[in-house]
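Architecture and fold: a report
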Amino acid sequence: MQTDIDPRNLIGRKAFDRKGTKIGTVDEVYLDDATGTPEWAAIRMGLFGRDAFIPLEPSELMEGTLRVPFDRALIKDAPDFGVGRHLSPEQELQLYHHYGLDVAPPPPLDRDFGQIAGQEDV
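To keep things clear, this report deals only with the structure shown in the data block.

Calculation rules
Residues numbered from 1 in each chain as written. Predicted model: local features only at pLDDT ≥ 70, side-chain atom pairs only at ≥ 80, totals over all residues. Heavy atoms only, no water. Core = buried A, V, L, I, M, F, W, Y, C linked by side-chain atoms within 4.5 Å. Buried < 20%, exposed > 50% of the residue type's maximum accessible area, 1.4 Å probe, protein only. Helix = DSSP H or I, 4+ residues; strand = E, 2+ residues; numbered from the N terminus. Contact = heavy atoms within 4.5 Å. Pairing = 2+ DSSP bridges. Axes fitted to C-alpha atoms, helices over the stretch in contact; angles between N-to-C directions. Polar contact = N/O pair within 3.5 Å; in protein donor to acceptor, adjacent residues only side chain to side chain. Lys, Arg positive; Asp, Glu negative; His and termini not counted. Salt bridge = Lys/Arg side-chain N within 4 Å of Asp/Glu carboxyl O. Phe/Tyr/Trp six-rings, centres within 6.5 Å; stacked < 30°, edge-to-face > 60°. Lys NZ or Arg CZ within 6 Å of the ring centre and 35° of its normal.

1. Brief notes about the nonpolar core
By size, the foremost hydrophobic cluster in this structure holds 25 residues, and its most contacted members are Trp40, Ile43, Phe53, Ile54, Leu66 and Ile75. Where this core is concerned, the elements lending two or more residues are strand S2 (22–31), strand S3 (38–44), strand S4 (51–55) and helix H2 (89–98). Once residues lying within four places of it in the same chain are set aside, the contact partners of Phe53 are Tyr30, Trp40, Ala41, Ala42, Ala78, Pro79, Phe81, Gly82, Val83, Leu87, Leu95 and Tyr99.

2. Section: the sheet that holds strand S6 (residues 65–67)
Spatially, S4-S3-S2-S1-S6-S5 is the arrangement adopted by the 6 strands of the open sheet, whose pairing is mixed. The strands lining the two open edges of the sheet, one partner per strand, are S4 and strand S5 (60–62). Across the sheet, the mean angle from the axis of one strand to that of its neighbour is 40°, orientation sign disregarded. Note that S2 and S3 share 6 bridges and pair antiparallel. Following the sheet pairing, Val29 is matched in S3 by Ala41.

3. Description of the side chain of Ser59
By the element assignment, Ser59 lies in the loop between S4 and S5. Note on Ser59: relative accessible area 1%, which makes it buried. Reaching out from Ser59, the side chain makes a polar contact with the backbone oxygen of Pro55 at a distance of 2.9 Å.

4. Examining the side chain of Asp17
For Asp17, the position within the fold is in the loop between strand S1 (14–16) and S2. Buried and unpaired, Asp17 has Lys19 as its nearest opposite-charge partner, separated by 6.1 Å. A distance of 2.8 Å separates a polar atom in the side chain of Asp17 from the backbone nitrogen of Thr21. In contact with Asp17, not counting residues within four places along its chain, are Ile23, Val68, Phe70, Asp71 and Arg72.

5. Here we look at the packing of aromatic side chains
Counting across every chain of the model gives 4 aromatic pairs. With a centroid separation of 6.5 Å and an interplanar angle of 45°, the aromatic rings of Phe53 and Phe81 are classed as tilted. Of this pair, Phe53 sits in strand S4 while Phe81 sits in the loop between helix H1 (72–76) and H2, and the two are 28 residues apart along the sequence. Overall, Phe81 belongs to the buried group, its relative accessible area being 16%. Members of the aromatic cluster, joined through ring pairs, are Tyr30, Phe53 and Phe81. Sitting over the face of the ring of Phe16, Arg67 holds its NZ or CZ atom 4.9 Å from the ring centroid.

6. A few points about unusual backbone geometry
Its identity is not glycine, yet Glu63 carries a phi of approximately 50°, on the positive side. Note that Glu63 resides in the loop between S5 and S6.

7. A look at the pattern of salt bridges
If you walk through the whole model with that rule in mind, you get 4 salt bridges. Across the pair Asp71 and Arg18 runs a salt bridge, and its minimum N-O distance is 2.8 Å. Note that Asp71 is positioned in the loop between S6 and H1 and Arg18 in the loop between S1 and S2, a separation of 53 residues in sequence. For Arg18, a relative accessible area of 54% puts it in the exposed group. Put simply, Arg44 and Asp51 hold a salt bridge, and the shortest N to O gap is 2.8 Å. Taking relative accessible area as the criterion, Arg44 reaches 31% and is therefore assigned partly exposed.

Below, the structure written as structure tokens:
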């Protein structure tokens, strides 16, 4: 997704799945804690429906609408964590797995971890 988009401009936009079927309307946008970039959107599915989380990274903003590269059925079955609260790292991981997206592994531990700087192996 384009990272120069103001997340407030996403709220209220219509969202469509990969086949062009309307999913719903962007209700909330969740920012990455570390970078502040938009990472997830909560899509209101139907008048009395629930919000479903979708990842913004593979999605595109085209002609004023959010195009999501997943089927509506997959989005509808996404884990429901409720809206208006912070997503925990565990919840984000569940969502990434649900959508089949790879999550970057944590950086490898430094081999010299625990050694004092300037000290040589004997």
